4 protein chains.
Amino acid sequence: DQVVQSMEDASPTRWHLAHTTWFFETLVLKPSLPGYRPINHAFEYLFNSYYNSLGAQFPRPQRGLLTRPTVAEVMAYREHVDRAMLELLESAQERELQDVITLGMHHEQQHQELMVTDLKHLLSLNPLFPSYRATEKAAIVEVQPLGWVHRPEGLVEIGHAGDGFAYDNEGPRHRTFAEAFALGDRLITCGEYQQFIDDGGYRTADLWLADGWSIVEQEGWDAPLYWLELDGGWETFTLSGLRDLNPSEPVCHVSYYEADAFARWSGARLPTEAEWELVAKDARTAGNFVESERFHPVPLSRKPDAAATQVFGGVWEWTQSPYTPYPGYRPPAGALGEYNSKFMSSQMVLRGGSCATPASHIRATYRNFFAPSKRWQFTGIRLAR
Amino acid sequence: DQVVQSMEDASPTRWHLAHTTWFFETLVLKPSLPGYRPINHAFEYLFNSYYNSLGAQFPRPQRGLLTRPTVAEVMAYREHVDRAMLELLESAQERELQDVITLGMHHEQQHQELMVTDLKHLLSLNPLFPSYRATEKAAIVEVQPLGWVHRPEGLVEIGHAGDGFAYDNEGPRHRTFAEAFALGDRLITCGEYQQFIDDGGYRTADLWLADGWSIVEQEGWDAPLYWLELDGGWETFTLSGLRDLNPSEPVCHVSYYEADAFARWSGARLPTEAEWELVAKDARTAGNFVESERFHPVPLSRKPDAAATQVFGGVWEWTQSPYTPYPGYRPPAGALGEYNSKFMSSQMVLRGGSCATPASHIRATYRNFFAPSKRWQFTGIRLAR
Amino acid sequence: DQVVQSMEDASPTRWHLAHTTWFFETLVLKPSLPGYRPINHAFEYLFNSYYNSLGAQFPRPQRGLLTRPTVAEVMAYREHVDRAMLELLESAQERELQDVITLGMHHEQQHQELMVTDLKHLLSLNPLFPSYRATEKAAIVEVQPLGWVHRPEGLVEIGHAGDGFAYDNEGPRHRTFAEAFALGDRLITCGEYQQFIDDGGYRTADLWLADGWSIVEQEGWDAPLYWLELDGGWETFTLSGLRDLNPSEPVCHVSYYEADAFARWSGARLPTEAEWELVAKDARTAGNFVESERFHPVPLSRKPDAAATQVFGGVWEWTQSPYTPYPGYRPPAGALGEYNSKFMSSQMVLRGGSCATPASHIRATYRNFFAPSKRWQFTGIRLAR
Amino acid sequence: DQVVQSMEDASPTRWHLAHTTWFFETLVLKPSLPGYRPINHAFEYLFNSYYNSLGAQFPRPQRGLLTRPTVAEVMAYREHVDRAMLELLESAQERELQDVITLGMHHEQQHQELMVTDLKHLLSLNPLFPSYRATEKAAIVEVQPLGWVHRPEGLVEIGHAGDGFAYDNEGPRHRTFAEAFALGDRLITCGEYQQFIDDGGYRTADLWLADGWSIVEQEGWDAPLYWLELDGGWETFTLSGLRDLNPSEPVCHVSYYEADAFARWSGARLPTEAEWELVAKDARTAGNFVESERFHPVPLSRKPDAAATQVFGGVWEWTQSPYTPYPGYRPPAGALGEYNSKFMSSQMVLRGGSCATPASHIRATYRNFFAPSKRWQFTGIRLAR
């Protein structure tokens, strides 16, 4: 399971384990630990993801063709680098390196999430529908009608400022004008999404952006990724194997195009990232994160009060905002300038984290981004109007 | 020349002529002129571009496979529809239909521009480099150093309002907050762009968005479209055949990725569409439009004063703004709702019109849009900072 | 109709006209007519089909992107070369050049056939189903049961020898051992082929070669090319437009895979090219050739006697023989060595000529060859056992 | 190493192990062992290679996406089936099943060879160039000039007849006429092939079949597969890692197109399969087979006498014969009819076995077949004239 690459977007677990180690080796140990000796110079090439300023990269679509170094050798690589990192952390230089080491840990958290989503995709392709880990099934709960959290128009500020860690793309904090808006007080459920399907959502061109409709026609999309219609009923593939669809769960594994079409069908729209952030900064950050080891969104077990719920964890929420630089944004100098900024085209911002995200990784200003056609992340829908 | 389709993005002249006629037939004559008889019912299918609500469409990539109806038959189709339109315009119903007829004329202007750009692409593929029309060569002029037009920060309004014609995507007029900015007072020239090339612009990954760099590597881009390096000197293909590159001309046929990379290399950035519009509303609308029959951008023949120049005509100017709906935007009901709104993903806004645009077609609020990789339109660069 | 290229296998009429002229210009006039001046040196590149020894070739899939030289200019090119050929033929050198000039005329005949088949393909893609030329419909006749022409086993000779023109690939004449066999005394009809379809021929994997079955599944083949099932009945596209299928006509536009599957279904097999030739050398060469201007196979209007019928003209007959060199074959020296020999892999031999072949072009030793998946030629079925 | 699929032509080791077991389970145990219980019914689908008559098949290009059943589970599957086979073999029915069980063992031998070649391909893609097993390097020996084994013309017999095992495609034994010919008395060496390269073999179009030249141009072929030019000298990837090229070794991993081009360059040709077989039936069958565990061809260590050498083992020898049925051939009834016959198009016959073939698997009448472009098998060159 750790070796195979299921599609170009995904990477083998083995690769994630080596790449996050490579990050510390390349950006911390080689420049800063005198006398550090790499295990294998070829790893510099093999496990560079996309940093052109750090040299050539082994082609991404071929990551699954590498059976060597083996998983055991990768684990030895990790131990080698861990030992060197401990040595470095104990030395006097630690303070100067704090920023890049902290970044390396957040980077590793991102790959922890990808290990979950990439493994799910791999296992989903197997007609045996293997279970990664048995979990208890969530009960079907009664879903409260969708309510709305209102905000007045105004010149507001969004973006990160202050002392805690944030990625460069979350700043600078800046002013923006927001019209009055309302944000859905919970996520859209599978049951609601089924109504969209039953109402012909996937057969009604005028609900869709043109790019989305092309994919619907070419790929034959008729439901979210991992949904299977068996004997007339919907099932969904999870990391615990095939499960009956729970209509009270947040809908998950939808593309931006599906989220947008659903919103149009329901007479609403998706929020901008500013709208989302304005509400999220007041929301509780407790949620269903990877630490729960459920690896799946869960129904909302209590009646929502006036506040927005399910804001953090569960599923990433598509916004209608393309991923672009904030006003005044400048990428960092050097290799770390490639971390976020070069992807600022043709992608959409997602907010809030998912059931595969580490809890300490997320915050209200966090900007995730994926191409609008992608579905293998835990991505869902919150409406605005 | 009127029959062949040179690539999926382009259409044969013959098709443009028939499609613009189809527009009036389908959206005006069939619903509104009693007793109107179409020449051929199959044209409804053959010349529908992308309106799902008006039925199936002949596949776009195969438009060039249709040799019938012939060009002569298409001209007869146009006369047939023109006669019926005149009949309709003389009747009492004319006032109610004014909006869709006006739209049909603007629609035809858009296809007039596409006929020029699509024909240029077709002829460019021919090793004989045919000339569509002989024109006088523009003299090489001395280019003034780039100056800047400054605007202070503020809550401003952009978008169309009022009585004149505008497309639905230009509204609603709305407030947005703009930081203080400066806009280049003229377009970037071929000479300046050559410096970018000579400085290794196409070989320096960290100047590029990741998607752009992928194309540079895959397609081997090393200059704008239609530039050829012959015997050590650059030439460029124009509708008057191959020409020596004029360094004082505005650079043209660059993708968004190239415009963005050039801006980064020069230490500036591309403007947002709001910034562009704030300056453009005060600029003169005279310019180098299709009526000049030069079909090519021309050098700026006089010293720019404090105002922005070359704002309208010449080349379309890439902005850094993705093409998204303005706050509060709602697409029109019916087929015309498909005209603009369904393309609001993965495209960038361009402003100002080009040497292939009819002069009466353009205005400060006009939003054109193309995918960031496209180069066959007359697209150029204005900087901001 | 003369400009567009409908697929990579086909070429525009305009190109055929220029290429056959290029053949005489390049292989006859330039080397042999002192003072010959080409109209345009670029034609050497533009109209070279595949002769590597004669320089680079304009890419085959892009032949349809050339709108210049125009059809009128190509006709002027032909006149220019015709005049020079007449001048040459009147001169003393004529005798030495006889072989290559004769070859050039046979070459032109091959392209005459391709003009018919390529144009048919182009028009077939148009939903208007245009007619190239009106022809009288063939009557439905009563088809006699299939009879067999028997030959005993023996060491036999096949291949061309003697004085008349033949392509290099028809020789050397050589011995081969043939088992006793029987050859069908007529072609398979559309009515017989319909029985194969009705019996599930296109849904029964074990009737097919593996490569053929892959295409059936990928392309969704369920009938010969140009057959359409409309309102429950089969029609077929001809150069006279759509026609009701005539069950007594020879079936046409089948691939080798379909011919082979039909033969297996019927309990027979396809003939080897040796078997075909042994019978054909005694058959009458009268047939339905391009000069009839029917451009379509016709039913057999008389009761077959003991002899084989429909051997020449009508449809090309797939043999089970891969196209390989005869024992002792050597390609000619120089550019003409590329004419036939370099295609001797992955193609099958067809025999007998079709309704698009000039009558004087065909003979019993003639070896045509196409890839087993191709269907746009007039290709049909004769059985053996 | 056992899980990954390196290309569509290859399969993971894990899959080969399961598929050969599936063969016995499906074709022997299920029909013939009363009470046999499969471990998992899904294996019927997952491990069916291409037998349409045995139901649907898991798509070949996705074999490497299956990480379950794991290697351990596949080994348990093999034990399960082995136990049942032993039970069956001890029962009274054994005699009736002898043919299919024998076939199953030869089938497994074929997959033993594929495991070697597929693993070599997988490891070759890894920039670490892993060694599967260390072996001693072969010494460079002096190569004797190529000699020729002559045979007179005559009506001869080829093909299998008699009692021993043979595949259906080796019969029926039949007469064929052979012209007088001479067969090379040894294989072509790497040193000789290097002369072809140095003489511009890969840059000279007229040495190549058209299909081959297309691949040379598209793929940039300039040497056999697994040859690398490092620091000016050729190395070759072997299952013992990278090795300096040994010029006295038989050249290996060439396509039919390369073998054919080499033969043309050398003024000879490739043999027909009949010519090869006529000489091979008198040759010694001792050779370099998989049991040697060298997994690589070895130089000829002694002076060849008048007889042909290196006929069996070492490398498969391309013949100029397309893979077609022998006269009178009929495929077996049922699923086993799919074993060989449906591949009888667009492939070439190879003879003699390789260093990856089990010694008991090969014989003079054995017909192997691959598409002419394939290079990952141990395929080499013997000339004829």
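Predicted, not measured: the structure shown is a model, and the values here were computed from it.

### What to know about the sheet that holds strand β8 (residues 316-322) of chain B
- Pairing within the open sheet is mixed, and its 4 strands lie in the order β10-β9-β8-β11 (chain B). Looking at strand neighbours, the two that pair on one side only are β10 (368-370) and β11 (379-380) of chain B, the edges of this open sheet.

### Examining the packing of helix α5 (residues 190-198) of chain B against helix α7 (residues 256-265) of chain B
All names here are of chain B.
- Contact geometry for α5 and α7: axes closest at 11 Å, N-to-C directions at 80°. Regarding the angle of α5 to α7, the classification is roughly perpendicular. Of α7, the residues touching α5 (which contributes Glu-192, Tyr-193, Gln-195 and Phe-196) are Glu-258, Ala-261, Phe-262 and Trp-265.
- Looking at side-chain class alone, the contact of α5 with α7 contains 5 nonpolar, 1 polar and 2 charged residues.

### Quick word on the environment of Ile-158 of chain B
Residue and element names in this part refer to chain B.
- Here Ile-158 is to be found in strand β2 (residues 154-158).
- What makes Ile-158 buried here is its relative accessible area of 3%.
- Once the C-alpha coordinates of Ile-158 and Glu-275 are considered, the two residues, 117 residues apart in sequence, prove to be 9.3 Å apart.
- Those residues in contact with Ile-158 that sit more than four places away from it in its chain are Pro-172, Arg-173, His-174, Thr-176, Ala-274, Glu-277, Leu-278 and Tyr-326.

### Describing the nonpolar core
- Core analysis: the largest hydrophobic core is formed by 227 residues, its most contacted members being Tyr-193 and Ile-381 of chain B together with Tyr-193 and Ile-381 of chain C.
- Excluding anything up to four places from it in sequence, Ile-381 of chain B contacts Leu-187, Ile-188, Tyr-193, Val-251, Val-254, Ala-259, Phe-262 and Leu-270 of chain B.

### What about the interface of chain A and chain D?
- Each side of the interface is counted separately: chain A has 24 residues, and chain D has 24 residues.
- Note on chain A versus chain D: buried area summed over both sides is about 1,900 Å², and carbon and sulfur give 65% of it.
- Looking only at chain A, the three residues that lose the most surface to chain D are Leu-65, Arg-68 and Leu-128 of chain A, adding up to 33% of its buried area.
- Joining chain A to chain D, the criterion identifies 2 salt bridges.
- The closest approach of N and O atoms between Asp-1 of chain A and Arg-68 of chain D, which form a salt bridge, is 2.5 Å.

Rules used throughout
- Residues numbered from 1 in each chain as written.
- Chains lettered and ligands numbered in written order.
- Predicted model: local features only at pLDDT ≥ 70, side-chain atom pairs only at ≥ 80, totals over all residues.
- Heavy atoms only, no water.
- Pairing = 2+ DSSP bridges.
- Helix = DSSP H or I, 4+ residues; strand = E, 2+ residues; numbered from the N terminus.
- Axes fitted to C-alpha atoms, helices over the stretch in contact; angles between N-to-C directions.
- Parallel < 35°, antiparallel > 145°, perpendicular 65-115°, else oblique.
- Contact = heavy atoms within 4.5 Å.
- Nonpolar A, V, L, I, M, F, W, Y, C, P; charged D, E, K, R; others polar.
- Buried < 20%, exposed > 50% of the residue type's maximum accessible area, 1.4 Å probe, protein only.
- Core = buried A, V, L, I, M, F, W, Y, C linked by side-chain atoms within 4.5 Å.
- Buried area = accessible area lost by both parts, 1.4 Å probe.
- Salt bridge = Lys/Arg side-chain N within 4 Å of Asp/Glu carboxyl O.

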